[in-house]
Amino acid sequence: MAGAEVTEFKVLGLKMWQQVVLCLILGIATGFALGPEAERFKILGTIFINLIKMVVVPLIFLALVSGITSMGDSSNFKRVGIKGLGTYLFTALLAVVIGLVAGTWFQPGIGLQVNINDFASSAMPASSEMPATSVKDFVLSLISTNIFASFAESNLLQVIVFAFFFGTTMNMMGEKSVRARVMIHDFSQIIFRMIEYIVRLAPMAVFGFMAWSVGTQGVEIIKVLINLVGTVLAACLFQYVLFGVMILVIARLNPLVFYRKLVTTQLMAFSTSSSKATLTTAMREVQTKLGVSEQSSQFLLPLGASINMDGTAIYLGICALFFAQFFGIELHFADYAMLLLTCTFGSIGAAGIPSGSIIFMGMVLNSVGLPIEGIGLLLGVDRILDMIRTTINITGDCAITLLVDASEKTIDKDVYYA
Ligand code: ASP
(Lines give C-alpha, C1' and ligand atoms only; values in the text may rest on other atoms or scores of the structure.)
Protein backbone atom coordinates (compact mmCIF):
# COMPACT_ATOMS: atom_id res chain seq x y z
CA MET A 1 0.00 0.00 0.00
CA ALA A 2 1.11 3.55 -0.71
CA GLY A 3 1.12 4.47 2.98
CA ALA A 4 4.39 2.71 3.56
CA GLU A 5 6.13 4.82 0.90
CA VAL A 6 5.01 8.22 2.09
CA THR A 7 7.22 9.91 4.64
CA GLU A 8 5.80 11.33 7.87
CA PHE A 9 4.21 14.70 7.18
CA LYS A 10 5.30 17.28 9.75
CA VAL A 11 4.09 20.80 10.44
CA LEU A 12 6.26 23.05 12.65
CA GLY A 13 8.26 19.93 13.49
CA LEU A 14 5.17 18.26 14.96
CA LYS A 15 4.31 14.71 13.96
CA MET A 16 0.84 13.91 12.73
CA TRP A 17 -0.47 12.59 16.06
CA GLN A 18 0.97 15.61 17.87
CA GLN A 19 -0.83 17.91 15.45
CA VAL A 20 -4.04 15.96 16.04
CA VAL A 21 -3.76 16.20 19.85
CA LEU A 22 -2.90 19.90 19.69
CA CYS A 23 -5.88 20.62 17.44
CA LEU A 24 -8.15 18.52 19.65
CA ILE A 25 -7.24 20.65 22.67
CA LEU A 26 -7.46 23.92 20.72
CA GLY A 27 -10.84 22.84 19.32
CA ILE A 28 -12.29 22.08 22.76
CA ALA A 29 -10.99 25.39 24.12
CA THR A 30 -12.43 27.31 21.18
CA GLY A 31 -15.79 25.55 21.59
CA PHE A 32 -15.98 26.52 25.25
CA ALA A 33 -14.84 30.08 24.58
CA LEU A 34 -17.15 30.84 21.66
CA GLY A 35 -20.18 28.68 22.47
CA PRO A 36 -22.69 28.36 19.60
CA GLU A 37 -20.62 30.80 17.54
CA ALA A 38 -18.05 28.02 17.15
CA GLU A 39 -20.50 26.58 14.61
CA ARG A 40 -18.57 28.53 11.99
CA PHE A 41 -15.58 26.20 12.35
CA LYS A 42 -17.61 23.16 11.37
CA ILE A 43 -16.78 23.88 7.74
CA LEU A 44 -13.15 22.89 8.38
CA GLY A 45 -14.31 19.42 9.31
CA THR A 46 -16.90 19.27 6.56
CA ILE A 47 -14.30 20.05 3.87
CA PHE A 48 -12.23 17.13 5.09
CA ILE A 49 -15.18 14.74 5.29
CA ASN A 50 -16.35 15.71 1.81
CA LEU A 51 -12.89 15.07 0.39
CA ILE A 52 -12.92 11.66 2.04
CA LYS A 53 -16.42 10.95 0.75
CA MET A 54 -15.20 11.80 -2.74
CA VAL A 55 -12.70 8.94 -2.73
CA VAL A 56 -14.15 6.44 -0.29
CA VAL A 57 -16.43 4.45 -2.62
CA PRO A 58 -13.72 3.87 -5.25
CA LEU A 59 -11.32 3.11 -2.37
CA ILE A 60 -13.52 0.40 -0.88
CA PHE A 61 -14.21 -1.18 -4.26
CA LEU A 62 -10.60 -1.07 -5.49
CA ALA A 63 -9.06 -2.09 -2.15
CA LEU A 64 -11.41 -5.04 -1.80
CA VAL A 65 -10.94 -6.26 -5.36
CA SER A 66 -7.17 -5.85 -5.24
CA GLY A 67 -7.13 -7.43 -1.77
CA ILE A 68 -9.16 -10.41 -2.99
CA THR A 69 -7.11 -10.86 -6.14
CA SER A 70 -3.74 -10.37 -4.42
CA MET A 71 -4.58 -13.19 -2.02
CA GLY A 72 -3.18 -15.29 -4.86
CA ASP A 73 -4.48 -18.77 -4.52
CA SER A 74 -8.10 -18.69 -3.61
CA SER A 75 -7.78 -21.08 -0.68
CA ASN A 76 -5.73 -18.41 1.11
CA PHE A 77 -8.40 -15.86 0.42
CA LYS A 78 -11.20 -18.16 1.48
CA ARG A 79 -9.47 -19.02 4.74
CA VAL A 80 -8.65 -15.40 5.64
CA GLY A 81 -12.10 -14.27 4.45
CA ILE A 82 -13.96 -16.87 6.48
CA LYS A 83 -11.83 -16.19 9.57
CA GLY A 84 -12.32 -12.42 9.20
CA LEU A 85 -16.06 -12.56 8.54
CA GLY A 86 -16.60 -15.15 11.29
CA THR A 87 -14.70 -13.08 13.85
CA TYR A 88 -16.46 -9.87 12.81
CA LEU A 89 -19.84 -11.53 13.20
CA PHE A 90 -18.93 -13.12 16.51
CA THR A 91 -17.69 -9.85 18.03
CA ALA A 92 -20.80 -8.01 16.75
CA LEU A 93 -23.09 -10.51 18.49
CA LEU A 94 -20.97 -10.31 21.62
CA ALA A 95 -21.12 -6.51 21.50
CA VAL A 96 -24.92 -6.54 21.32
CA VAL A 97 -25.00 -8.87 24.35
CA ILE A 98 -22.65 -6.49 26.21
CA GLY A 99 -24.97 -3.60 25.30
CA LEU A 100 -28.09 -5.47 26.46
CA VAL A 101 -26.44 -6.51 29.73
CA ALA A 102 -25.25 -2.94 30.37
CA GLY A 103 -28.70 -1.54 29.54
CA THR A 104 -30.37 -3.99 31.93
CA TRP A 105 -27.82 -3.44 34.66
CA PHE A 106 -27.55 0.36 34.65
CA GLN A 107 -31.17 1.03 33.60
CA PRO A 108 -30.31 4.36 31.97
CA GLY A 109 -33.92 5.08 30.92
CA ILE A 110 -35.41 4.94 34.41
CA GLY A 111 -35.90 8.13 36.38
CA LEU A 112 -35.46 10.57 33.50
CA GLN A 113 -38.09 13.31 33.49
CA VAL A 114 -37.81 14.38 29.89
CA ASN A 115 -40.68 15.30 27.62
CA ILE A 116 -40.17 13.42 24.39
CA ASN A 117 -41.96 16.14 22.38
CA ASP A 118 -39.32 18.67 23.39
CA PHE A 119 -36.71 16.64 21.64
CA ALA A 120 -38.50 15.34 18.54
CA SER A 121 -36.90 17.33 15.80
CA SER A 122 -37.59 17.88 12.15
CA ALA A 123 -34.15 16.42 11.52
CA MET A 124 -35.54 13.06 12.55
CA PRO A 125 -35.82 10.74 9.58
CA ALA A 126 -39.41 10.06 8.59
CA SER A 127 -40.38 6.42 8.82
CA SER A 128 -40.87 6.27 5.06
CA GLU A 129 -37.17 7.07 4.68
CA MET A 130 -36.09 4.21 6.89
CA PRO A 131 -34.03 1.99 4.62
CA ALA A 132 -34.77 -1.46 5.95
CA THR A 133 -37.46 -2.16 8.46
CA SER A 134 -37.41 -5.93 8.34
CA VAL A 135 -34.78 -8.62 8.11
CA LYS A 136 -36.16 -9.73 4.73
CA ASP A 137 -35.82 -6.17 3.35
CA PHE A 138 -32.32 -6.01 4.71
CA VAL A 139 -31.24 -9.21 2.95
CA LEU A 140 -32.79 -8.05 -0.32
CA SER A 141 -31.13 -4.66 0.01
CA LEU A 142 -27.70 -6.31 -0.18
CA ILE A 143 -28.08 -7.07 -3.87
CA SER A 144 -27.77 -4.20 -6.26
CA THR A 145 -30.08 -4.08 -9.25
CA ASN A 146 -27.97 -1.30 -10.77
CA ILE A 147 -24.37 -1.16 -9.65
CA PHE A 148 -23.85 2.36 -11.01
CA ALA A 149 -26.71 3.60 -8.87
CA SER A 150 -25.14 1.81 -5.88
CA PHE A 151 -21.85 3.59 -6.51
CA ALA A 152 -23.58 6.93 -7.00
CA GLU A 153 -25.63 6.53 -3.82
CA SER A 154 -22.61 5.25 -1.81
CA ASN A 155 -24.52 2.10 -0.95
CA LEU A 156 -21.51 0.38 0.56
CA LEU A 157 -23.05 -2.99 1.32
CA GLN A 158 -24.11 -3.38 -2.31
CA VAL A 159 -20.69 -2.22 -3.49
CA ILE A 160 -19.04 -4.77 -1.18
CA VAL A 161 -21.22 -7.64 -2.42
CA PHE A 162 -20.42 -6.60 -6.00
CA ALA A 163 -16.68 -6.31 -5.22
CA PHE A 164 -16.67 -9.82 -3.76
CA PHE A 165 -18.40 -11.21 -6.82
CA PHE A 166 -16.11 -9.25 -9.16
CA GLY A 167 -12.90 -10.20 -7.33
CA THR A 168 -13.70 -13.89 -6.94
CA THR A 169 -14.74 -14.07 -10.62
CA MET A 170 -11.37 -12.54 -11.54
CA ASN A 171 -9.65 -15.16 -9.40
CA MET A 172 -11.58 -17.94 -11.05
CA MET A 173 -10.68 -16.62 -14.52
CA GLY A 174 -7.00 -16.92 -13.60
CA GLU A 175 -4.62 -15.81 -16.37
CA LYS A 176 -7.43 -14.30 -18.43
CA SER A 177 -7.95 -11.51 -15.90
CA VAL A 178 -4.28 -10.56 -15.51
CA ARG A 179 -4.56 -7.19 -17.31
CA ALA A 180 -7.57 -6.12 -15.26
CA ARG A 181 -5.76 -7.17 -12.09
CA VAL A 182 -2.74 -4.94 -12.87
CA MET A 183 -4.98 -2.03 -13.74
CA ILE A 184 -7.06 -2.32 -10.59
CA HIS A 185 -3.93 -2.53 -8.50
CA ASP A 186 -2.55 0.64 -10.15
CA PHE A 187 -5.81 2.50 -9.66
CA SER A 188 -5.94 1.51 -6.01
CA GLN A 189 -2.39 2.85 -5.54
CA ILE A 190 -3.47 6.20 -7.01
CA ILE A 191 -6.50 6.40 -4.71
CA PHE A 192 -4.33 5.51 -1.70
CA ARG A 193 -1.92 8.28 -2.59
CA MET A 194 -4.76 10.80 -2.95
CA ILE A 195 -5.97 9.79 0.49
CA GLU A 196 -2.48 10.26 1.93
CA TYR A 197 -2.68 13.87 0.78
CA ILE A 198 -6.19 14.36 2.12
CA VAL A 199 -5.25 12.87 5.49
CA ARG A 200 -2.71 15.65 5.98
CA LEU A 201 -5.70 17.92 6.56
CA ALA A 202 -6.91 15.78 9.47
CA PRO A 203 -5.69 18.10 12.27
CA MET A 204 -7.63 20.97 10.69
CA ALA A 205 -10.75 18.78 10.64
CA VAL A 206 -10.25 17.70 14.24
CA PHE A 207 -10.07 21.35 15.31
CA GLY A 208 -13.21 22.28 13.35
CA PHE A 209 -15.29 19.38 14.60
CA MET A 210 -14.25 19.71 18.23
CA ALA A 211 -14.91 23.46 18.32
CA TRP A 212 -18.31 22.94 16.70
CA SER A 213 -19.53 20.04 18.83
CA VAL A 214 -18.35 21.47 22.16
CA GLY A 215 -19.60 24.95 21.21
CA THR A 216 -23.06 23.94 20.03
CA GLN A 217 -23.86 20.94 22.22
CA GLY A 218 -21.95 22.07 25.29
CA VAL A 219 -22.28 20.23 28.57
CA GLU A 220 -25.92 21.13 29.26
CA ILE A 221 -27.32 18.76 26.70
CA ILE A 222 -25.08 15.96 27.93
CA LYS A 223 -26.40 16.35 31.48
CA VAL A 224 -29.92 15.51 30.29
CA LEU A 225 -28.82 12.15 29.01
CA ILE A 226 -25.89 11.63 31.32
CA ASN A 227 -27.06 8.15 32.33
CA LEU A 228 -27.23 7.02 28.75
CA VAL A 229 -23.80 8.42 27.92
CA GLY A 230 -22.36 6.82 31.07
CA THR A 231 -23.86 3.44 30.24
CA VAL A 232 -22.58 3.49 26.64
CA LEU A 233 -19.17 4.58 27.91
CA ALA A 234 -18.98 1.78 30.50
CA ALA A 235 -20.01 -0.89 28.00
CA CYS A 236 -17.60 0.44 25.38
CA LEU A 237 -14.75 0.48 27.90
CA PHE A 238 -15.49 -3.15 28.69
CA GLN A 239 -15.39 -3.97 24.98
CA TYR A 240 -12.14 -2.01 24.60
CA VAL A 241 -10.47 -4.06 27.32
CA LEU A 242 -11.92 -7.25 25.81
CA PHE A 243 -10.04 -6.54 22.56
CA GLY A 244 -6.83 -6.43 24.58
CA VAL A 245 -7.68 -9.73 26.28
CA MET A 246 -8.32 -11.32 22.86
CA ILE A 247 -4.95 -10.08 21.60
CA LEU A 248 -3.22 -11.45 24.70
CA VAL A 249 -4.98 -14.81 24.78
CA ILE A 250 -5.46 -15.61 21.08
CA ALA A 251 -2.50 -13.86 19.39
CA ARG A 252 -0.22 -14.06 22.45
CA LEU A 253 0.97 -10.48 21.95
CA ASN A 254 1.29 -7.68 24.49
CA PRO A 255 -1.96 -5.67 24.10
CA LEU A 256 -0.43 -2.52 25.59
CA VAL A 257 1.69 -2.17 22.46
CA PHE A 258 -1.48 -2.41 20.37
CA TYR A 259 -3.23 0.35 22.33
CA ARG A 260 -0.18 2.62 22.40
CA LYS A 261 0.69 2.36 18.72
CA LEU A 262 -2.85 3.04 17.55
CA VAL A 263 -3.21 6.38 19.37
CA THR A 264 -3.46 8.46 16.18
CA THR A 265 -6.01 6.11 14.65
CA GLN A 266 -8.13 6.18 17.80
CA LEU A 267 -7.97 9.95 18.09
CA MET A 268 -8.95 10.25 14.44
CA ALA A 269 -11.94 8.00 15.03
CA PHE A 270 -12.85 9.90 18.19
CA SER A 271 -12.77 13.31 16.58
CA THR A 272 -14.15 12.56 13.10
CA SER A 273 -16.80 10.06 14.28
CA SER A 274 -16.28 8.22 11.04
CA SER A 275 -14.81 4.77 10.48
CA LYS A 276 -14.50 5.59 6.79
CA ALA A 277 -12.54 8.77 7.43
CA THR A 278 -10.23 6.83 9.76
CA LEU A 279 -9.73 3.87 7.46
CA THR A 280 -6.56 4.98 5.71
CA THR A 281 -4.86 6.09 8.92
CA ALA A 282 -5.75 2.70 10.38
CA MET A 283 -4.42 0.86 7.33
CA ARG A 284 -1.14 2.72 7.49
CA GLU A 285 -0.69 2.26 11.23
CA VAL A 286 -1.48 -1.46 11.43
CA GLN A 287 1.00 -2.11 8.63
CA THR A 288 3.84 0.19 9.55
CA LYS A 289 3.54 0.09 13.34
CA LEU A 290 1.96 -3.26 14.17
CA GLY A 291 3.66 -5.27 11.41
CA VAL A 292 0.39 -6.60 9.96
CA SER A 293 0.82 -7.91 6.41
CA GLU A 294 -0.31 -5.80 3.45
CA GLN A 295 -2.67 -8.55 2.34
CA SER A 296 -4.57 -8.71 5.61
CA SER A 297 -4.78 -4.98 6.15
CA GLN A 298 -5.89 -4.26 2.57
CA PHE A 299 -8.55 -6.88 2.71
CA LEU A 300 -9.80 -7.02 6.29
CA LEU A 301 -9.68 -3.35 7.30
CA PRO A 302 -11.89 -1.93 4.50
CA LEU A 303 -14.24 -4.82 5.11
CA GLY A 304 -14.24 -4.14 8.86
CA ALA A 305 -14.68 -0.38 8.45
CA SER A 306 -17.81 -1.11 6.44
CA ILE A 307 -19.41 -4.03 8.25
CA ASN A 308 -17.81 -4.40 11.68
CA MET A 309 -19.07 -1.86 14.18
CA ASP A 310 -18.91 -3.22 17.69
CA GLY A 311 -19.37 0.18 19.33
CA THR A 312 -22.45 0.73 17.17
CA ALA A 313 -23.80 -2.72 18.11
CA ILE A 314 -23.39 -1.88 21.82
CA TYR A 315 -25.02 1.50 21.31
CA LEU A 316 -28.05 0.09 19.44
CA GLY A 317 -28.61 -2.50 22.16
CA ILE A 318 -28.36 0.02 24.99
CA CYS A 319 -30.60 2.54 23.25
CA ALA A 320 -33.32 -0.05 22.64
CA LEU A 321 -33.40 -0.85 26.37
CA PHE A 322 -33.13 2.84 27.24
CA PHE A 323 -36.30 3.58 25.28
CA ALA A 324 -38.12 0.51 26.60
CA GLN A 325 -37.40 1.74 30.15
CA PHE A 326 -38.14 5.33 29.24
CA PHE A 327 -41.57 4.51 27.80
CA GLY A 328 -42.27 1.88 30.48
CA ILE A 329 -42.55 -0.98 27.97
CA GLU A 330 -41.67 -4.42 29.23
CA LEU A 331 -39.57 -6.60 26.94
CA HIS A 332 -39.80 -10.39 26.79
CA PHE A 333 -37.39 -13.12 25.79
CA ALA A 334 -38.52 -13.04 22.15
CA ASP A 335 -37.89 -9.27 22.10
CA TYR A 336 -34.33 -9.77 23.32
CA ALA A 337 -33.76 -12.39 20.61
CA MET A 338 -35.13 -9.95 18.05
CA LEU A 339 -32.87 -7.19 19.38
CA LEU A 340 -29.87 -9.50 19.06
CA LEU A 341 -30.70 -9.95 15.41
CA THR A 342 -31.65 -6.40 14.45
CA CYS A 343 -28.84 -4.72 16.41
CA THR A 344 -26.33 -7.03 14.70
CA PHE A 345 -27.82 -6.26 11.28
CA GLY A 346 -27.93 -2.57 12.13
CA SER A 347 -24.24 -2.55 13.05
CA ILE A 348 -23.40 -4.32 9.78
CA GLY A 349 -25.54 -2.02 7.69
CA ALA A 350 -24.67 1.33 9.27
CA ALA A 351 -22.48 3.54 7.13
CA GLY A 352 -19.10 4.45 8.65
CA ILE A 353 -19.96 8.13 8.73
CA PRO A 354 -21.00 10.45 11.58
CA SER A 355 -24.40 9.30 12.89
CA GLY A 356 -24.40 6.55 10.27
CA SER A 357 -26.35 4.24 12.58
CA ILE A 358 -29.12 6.67 13.53
CA ILE A 359 -31.39 5.52 10.71
CA PHE A 360 -30.88 1.89 11.69
CA MET A 361 -32.19 2.78 15.11
CA GLY A 362 -35.59 2.91 13.38
CA MET A 363 -35.29 -0.74 12.36
CA VAL A 364 -34.21 -1.76 15.87
CA LEU A 365 -36.97 0.14 17.72
CA ASN A 366 -39.56 -0.98 15.19
CA SER A 367 -38.65 -4.62 15.59
CA VAL A 368 -39.74 -4.70 19.23
CA GLY A 369 -42.65 -2.29 18.92
CA LEU A 370 -40.97 0.75 20.47
CA PRO A 371 -41.98 4.19 19.15
CA ILE A 372 -39.37 5.47 16.71
CA GLU A 373 -40.00 9.03 17.90
CA GLY A 374 -37.37 8.18 20.48
CA ILE A 375 -34.71 8.88 17.88
CA GLY A 376 -35.38 12.60 18.25
CA LEU A 377 -34.30 12.34 21.87
CA LEU A 378 -30.94 11.02 20.85
CA LEU A 379 -30.00 13.63 18.27
CA GLY A 380 -28.71 16.09 20.84
CA VAL A 381 -26.11 13.77 22.31
CA ASP A 382 -25.48 11.61 19.32
CA ARG A 383 -22.22 13.29 18.41
CA ILE A 384 -20.67 12.55 21.79
CA LEU A 385 -21.89 8.95 21.73
CA ASP A 386 -20.71 8.67 18.14
CA MET A 387 -17.17 9.64 19.14
CA ILE A 388 -17.11 6.86 21.71
CA ARG A 389 -18.62 4.16 19.51
CA THR A 390 -16.55 5.03 16.44
CA THR A 391 -13.36 4.67 18.51
CA ILE A 392 -14.53 1.19 19.52
CA ASN A 393 -15.56 0.39 15.94
CA ILE A 394 -12.15 1.14 14.50
CA THR A 395 -10.24 -0.42 17.40
CA GLY A 396 -12.27 -3.59 16.80
CA ASP A 397 -11.40 -3.59 13.09
CA CYS A 398 -7.70 -3.24 13.87
CA ALA A 399 -7.80 -5.88 16.65
CA ILE A 400 -9.50 -8.47 14.46
CA THR A 401 -7.22 -7.76 11.50
CA LEU A 402 -4.28 -8.29 13.87
CA LEU A 403 -5.76 -11.53 15.25
CA VAL A 404 -6.39 -12.98 11.81
CA ASP A 405 -2.94 -11.92 10.59
CA ALA A 406 -1.29 -13.45 13.66
CA SER A 407 -3.21 -16.70 13.12
CA GLU A 408 -1.95 -16.72 9.51
CA LYS A 409 1.58 -16.19 10.90
CA THR A 410 2.08 -13.30 8.46
CA ILE A 411 2.51 -10.64 11.17
CA ASP A 412 6.00 -9.16 11.61
CA LYS A 413 6.58 -9.35 15.37
CA ASP A 414 9.82 -7.31 15.14
CA VAL A 415 7.81 -4.38 13.78
CA TYR A 416 5.10 -4.96 16.43
CA TYR A 417 7.56 -4.72 19.30
CA ALA A 418 9.85 -2.11 17.68
N1 ASP B 1 -20.07 6.93 13.19
C2 ASP B 1 -19.97 5.49 13.25
C3 ASP B 1 -18.77 5.04 12.46
O4 ASP B 1 -18.35 5.68 11.53
C5 ASP B 1 -21.20 4.80 12.76
C6 ASP B 1 -22.33 5.03 13.71
O7 ASP B 1 -22.48 4.23 14.65
O8 ASP B 1 -23.05 6.01 13.56
O9 ASP B 1 -18.17 4.04 12.77
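Thresholds, definitions, all that
- Residues numbered from 1 in each chain as written.
- Predicted model: local features only at pLDDT ≥ 70, side-chain atom pairs only at ≥ 80, totals over all residues.
- Heavy atoms only, no water.
- Phe/Tyr/Trp six-rings, centres within 6.5 Å; stacked < 30°, edge-to-face > 60°.
- Helix = DSSP H or I, 4+ residues; strand = E, 2+ residues; numbered from the N terminus.
- Lys NZ or Arg CZ within 6 Å of the ring centre and 35° of its normal.
- Expected span 1.5 Å × (residues − 1).
- Buried < 20%, exposed > 50% of the residue type's maximum accessible area, 1.4 Å probe, protein only.
- Disulfide = S-S within 2.5 Å.
- Near = heavy atom within 4 Å.
- Polar contact = N/O pair within 3.5 Å; in protein donor to acceptor, adjacent residues only side chain to side chain.
- pLDDT = per-residue confidence, 0-100.
- Contact = heavy atoms within 4.5 Å.
- Core = buried A, V, L, I, M, F, W, Y, C linked by side-chain atoms within 4.5 Å.

### A few points about the packing of aromatic side chains
Right, on to step 1. Counted under the stated rule, the structure contains 12 aromatic pairs.
Right, on to step 2. Between F61 and F162, the aromatic rings sit 5.9 Å apart at their centres with planes inclined by 20°, giving stacked as the arrangement. With a gap of 101 residues between them, F61 in helix α2 (residues 42-70) and F162 in helix α7 (residues 156-173) connect regions that are remote in the sequence.
Right, on to step 3. Feature note: the residues F61, F151, F162 and F166 constitute an aromatic cluster, connected by ring pairs.
Right, on to step 4. One Lys or Arg, K42, reaches over the ring of W212 and ends 4.4 Å from the middle of that ring.

### Regarding helix α15 (residues 294-307)
Right, on to step 1. Over its 14 residues, α15 runs 20 Å from end to end, which matches the ideal 20 Å to within 8%, given 1.5 Å per residue.
Right, on to step 2. When you tally the buried positions in α15, you get 12 out of 14 residues, the bulk of the element.
Right, on to step 3. Taken together, the buried positions of α15 are occupied by S296, S297, Q298, F299, L300, L301, P302, L303, G304, A305, S306 and I307.

### Overview of the state of the cysteines
Right, on to step 1. Tallied over the entire structure, the rule returns zero disulfides.
Right, on to step 2. The structure places no disulfide on C343, whose sulfur is separated from the nearest cysteine sulfur, that of C319, by 9.1 Å.
Right, on to step 3. A residue is classified by how much of its surface remains accessible, and C343, at 0% relative accessible area, is buried.

### A look at the site of the ligand
Right, on to step 1. Of all residues adjacent to the ligand, which total 16 residues, the nearest are S275, T312, D386, R389 and N393.
Right, on to step 2. At a separation of 2.4 Å, an oxygen atom of the ligand approaches a polar side-chain atom of S275.
Right, on to step 3. Examining the composition of the shell around the ligand, we find that four residues originate from one element, helix α20 (residues 382-407), more than from any other.

### As for the confidence of the model for the protein
Right, on to step 1. Taken over all residues, the pLDDT of the protein has a mean of 82, while the share at 70 or more is 86%.
Right, on to step 2. When the elements of the protein are averaged for pLDDT, helix α4 (residues 116-119) gives the smallest value, 45, and helix α12 (residues 255-261) the largest, 95.

### Structural notes on the side chain of T395
Right, on to step 1. Within the secondary structure layout, T395 lies in helix α20.
Right, on to step 2. Judged by its relative accessible area of 1%, T395 is buried.
Right, on to step 3. Dropping the residues within four chain positions of it, T395 is found in contact with Y240, F243, F258 and Q266.

### Things to note about the nonpolar core
Inside soluble globular proteins, nonpolar side chains tend to come together where they are buried.
Right, on to step 1. With 111 residues, the main nonpolar core has F48, F258, L339, L402 and Y416 as its most contacted residues.
Right, on to step 2. Beyond its immediate sequence surroundings of up to four residues, F48 is in contact with I198, V199, L201, A202, A205, M268, T272 and A277.
Right, on to step 3. Judged by nonpolar contacts, the second largest core, of nine residues, contains F207, M210, V214 and L267.

### Observations concerning unusual backbone geometry
Right, on to step 1. The residue Q107 is not glycine, and still its phi comes out positive at about 45°.
Right, on to step 2. Note on placement: Q107 falls in the loop between α3 (74-106) and α4.
Right, on to step 3. A positive phi is found at S273, a non-glycine position, where the angle reads about 55°.
Right, on to step 4. Tracing the sequence through the fold places S273 in the loop between α13 (263-272) and α14 (275-288).

### Notes on the side chain of D386
Right, on to step 1. Mapped onto the secondary structure, D386 falls in helix α20.
Right, on to step 2. Judged by its relative accessible area of 2%, D386 falls in the buried class.
Right, on to step 3. Contact partners of D386, with chain neighbours within four places excluded, come to S273, I353, P354 and S355.

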